[in-house]
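What the coordinates show
If you want the building blocks of each chain, they are given just below.
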Amino acid sequence: PAVTSPCKILKCNSEFWAATSGSHHLGAEEAPEFCTALRAYAHCTRRTARTCRGDLAYHSAVHGIDDLMVQHNCSKDGPTSQPRLRTLPPGDSQERSDSPEICHYEKSFHKHSATPNYTHCGLFGDPHLRTFTDTFQTCKVQGAWPLIDNNYLNVQVTNTPVLPGSSATATSKLTIIFKSFQECVDQKVYQAEMDELPAAFVDGSKNGGDKHGANSLKITEKVSGQHIEIQAKYIGTTIVVRQVGRYLTFAVRMPEEVVNAVEDRDSQGLYLCLRGCPLNQQIDFQAIRSAQATEGRARRKGPSLPAQPEAFTYETATAKCREKLPVEDLYFQSCVFDLLTTGDVNFMLAAYYAFEDVKMLHSNKDKLHLYERTRVLTPGNTAPTGTHPALWVALLCLCWLCLL
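Predicted model, so just to flag it, every value in this text is computed and none were measured. (Residues numbered from 1 in each chain as written. Predicted model: local features only at pLDDT ≥ 70, side-chain atom pairs only at ≥ 80, totals over all residues. Heavy atoms only, no water.)

**Thoughts on the sheet that holds strand β4 (residues 143-149)**
Put simply, the test is: Paired strands, in this sense, are two strands between which DSSP finds at least two bridges. Helical segments are the DSSP runs of H or I of at least four residues, strand segments are the runs of E of at least two, and each set is numbered from the N terminus. Orientation is described by axes fitted as lines to C-alpha atoms, over the contacting stretch for helices, and by angles from 0 to 180 degrees between their N-to-C directions.
In space, the 4 strands of this open sheet follow the order β4-β5-β6-β7, with antiparallel pairing throughout. With one partner strand each, in any of the chains shown, β4 and β7 (188-193) form the two edges of the open sheet. When the angles between neighbouring strand axes are averaged without regard to direction, this sheet yields 20°. Sheet topology places strand β5 (residues 153-161) next to strand β6 (residues 169-178); 9 bridges connect them, and they run antiparallel. When the sheet's bridge partners are listed, V155 is paired in β6 with I176.

Structure, rendered in structure tokens:
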């Protein structure tokens, strides 16, 4: 029932990368084989041209093919059968460590100062947003929305309805544009969508291009088709993208200096990771959850939905989420909310992996868990791990009465 894009450019990119992986290390006698792969790539893009007219990744691929044709003196006429699959030989250029110092953020920008402050942003589930300031929101944001937009990169997500007739949405497409930066990297575009989580940029490469510091940007596949990691060392940034069930999750670790590197600060209102979702797109997460608990049944966002084969009650959703998320923080509560809203157990895994990414990427281990009431207690909307927020509220009130 979810909306999918008929544009299959990611499939073309993946086939080309699989066919030519490591071919830049081969001798001149292998050039015809590379040209054959290029012609097959071009043929694949032509087949999907009609459905990809407005797709950024498609146009990037077409221009990239033309450039490679010229660089390798390839004829547009000739065989298009796919050459044999190759594996990267030892000593691949992605393992080189001789990049310019400017292409290593901590070495270049902070050579004579303290370690930079890192921040985290994540998006997962139906969808739940944790901003760079540790604000936690549940949002509608159907359609395309900018998640990050600064001087170094842009991230855009597209959220589509999970079920017909429901305002429950999840991330079905993700586009990341790394802008060209000095002698470090060329502009690179990464794109993922439902059932397509490539381990390469849209041009088939896995690093920052032909510049000397290209290896300061690279993609690593952690779990095929399920988990990739992008390291952008030249801006001190790590990005994790996962496919959980049919939908995507996003997490990033980024220095504050990079987060705030925006020329036009007036445009930051559209920068969800920094400013959060607009008020008219936010959902009162706790109010809906309380109503669900009180009524003991699934209350869904938007119009009523037909009963699902594996519909959850509040009690069964709570029990299911506790299997993976024992601490009843906002990740746990978002899990319960999503199971009630969608009936899809994969949303439990999305919340679980989102918290696992927080543990890996967040620089302040005291702020991993977020609780709904702690904003009146301490900055950052955090509470000590494993402590129920209601207890802290009670203790605070008791202390205040004692002072009176």
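Let's pick the thread back up.
**Things to note about the state of the cysteines**
Rule in force here: In what follows, a disulfide is any cysteine sulfur pair within 2.5 Å. In this scheme, a residue with accessible area under 20% of its type's maximum is buried, one over 50% is exposed, and one in between is partly exposed, where area comes from a 1.4 Å probe on protein chains only.
Enumeration according to the criterion identifies 7 disulfides in this entry. Put simply, C12 and C44 are joined by a disulfide, and their sulfur atoms are 2.0 Å apart. In this structure the cystine formed by C12 and C44 twists about its S-S bond by roughly -80°; its chirality is therefore left-handed. You can see C12 sitting in helix α1 (residues 9-20) and its partner C44 sitting in helix α2 (residues 31-47), a full 32 residues away along the chain. In this structure, C12 and C44 share a single accessibility class: buried. One disulfide in the model links C103 with C184; its S-S distance is 2.0 Å. In this structure the cystine formed by C103 and C184 twists about its S-S bond by roughly -100°; its chirality is therefore left-handed. Taken together, the residues span a long stretch of sequence, with C103 in the loop between α3 (56-71) and α4 (105-109) and C184 in the loop between β6 and β7 at a distance of 81 residues. The two residues C103 and C184 agree in class, both being buried.

**Here we look at the pattern of salt bridges**
Here is the rule: By salt bridge we mean one thing: a side-chain nitrogen of Lys or Arg within 4 Å of a carboxyl oxygen of Asp or Glu.
Under the defined criterion, the tally for this structure stands at 8 salt bridges. A salt bridge links K211 to D186; the nearest nitrogen and oxygen atoms lie 4.0 Å apart. Of this pair, K211 sits in the loop between β7 and β8 (217-223) while D186 sits in the loop between β6 and β7, placing them 25 residues apart in sequence. On the basis of relative accessibility, which here comes to 25%, the residue K211 falls in the partly exposed class. A residue is classified by how much of its surface remains accessible, and D186, at 25% relative accessible area, is partly exposed. The closest approach of N and O atoms between D357 and R242, which form a salt bridge, is 2.8 Å. On the criterion of sequence distance, the pair formed by D357 in helix α10 (residues 346-361) and R242 in strand β10 (residues 237-244) is long-range, its members being 115 residues apart. Overall, the relative accessible area of 10% leaves R242 in the buried class.

**Topic: the nonpolar core**
Rules: What is meant by a nonpolar core is a set of buried Ala, Val, Leu, Ile, Met, Phe, Trp, Tyr and Cys residues, joined one to another through side-chain atoms within 4.5 Å. We call two residues in contact whenever any of their non-hydrogen atoms come within 4.5 Å of each other.
Ranked by size, the top nonpolar core spans 46 residues in total, and within it F132, I148, I176, F178, Y234 and F250 carry the most contacts. Here this core gets 4 residues from one element, more than from any other, and that element is strand β11 (residues 247-255). Excluding anything up to four places from it in sequence, I148 contacts F132, L153, N154, V155, F250, V252, M254, Y271 and C273. The next biggest cluster of nonpolar side chains, apart from the first, holds 23 residues, and it includes C12, A19, I177 and V202.

**Some details on the packing of aromatic side chains**
Stated precisely, the cut-off is as follows: Classification of ring pairs rests on two measures: the distance between centres of Phe, Tyr or Trp rings, Trp counted by its six-membered ring, which must be within 6.5 Å, and the angle between planes, read as stacked under 30 degrees, edge-to-face over 60 and tilted in between. Criterion for a charge above a ring: Lys NZ or Arg CZ within 6 Å of the ring centre, and within 35 degrees of the ring normal.
Summed over all chains, the structure comprises 12 aromatic pairs. Judged by centre distance (5.6 Å) and plane angle (15°), the rings of F124 and Y331 are stacked. Taken as a pair, F124 in strand β1 (residues 118-124) and Y331 in helix α9 (residues 330-342) lie far apart in primary sequence, 207 residues in all. Per residue, the accessibility class of F124 equals that of Y331, and both read buried. One aromatic cluster is present, built from ring pairs that chain together F124, F136, Y331 and F355. Above the face of the Y118 ring, R253 is positioned so that its terminal group lies 3.7 Å from the ring centre. The residue whose ring lies beneath K324 is Y352, and the NZ or CZ to ring-centre distance is 4.6 Å.

**Some remarks on α1**
Short version of the rule: By this rule, a helix spans an expected 1.5 Å times one less than how many residues it contains.
Compared with an ideal rise of 1.5 Å per residue, which puts 12 residues at 16 Å, α1 spans 17 Å between its outermost C-alpha atoms and is within 8% of the ideal. Along α1, the residues classified as buried are I9, L10, C12, N13, F16, W17, A19 and T20.

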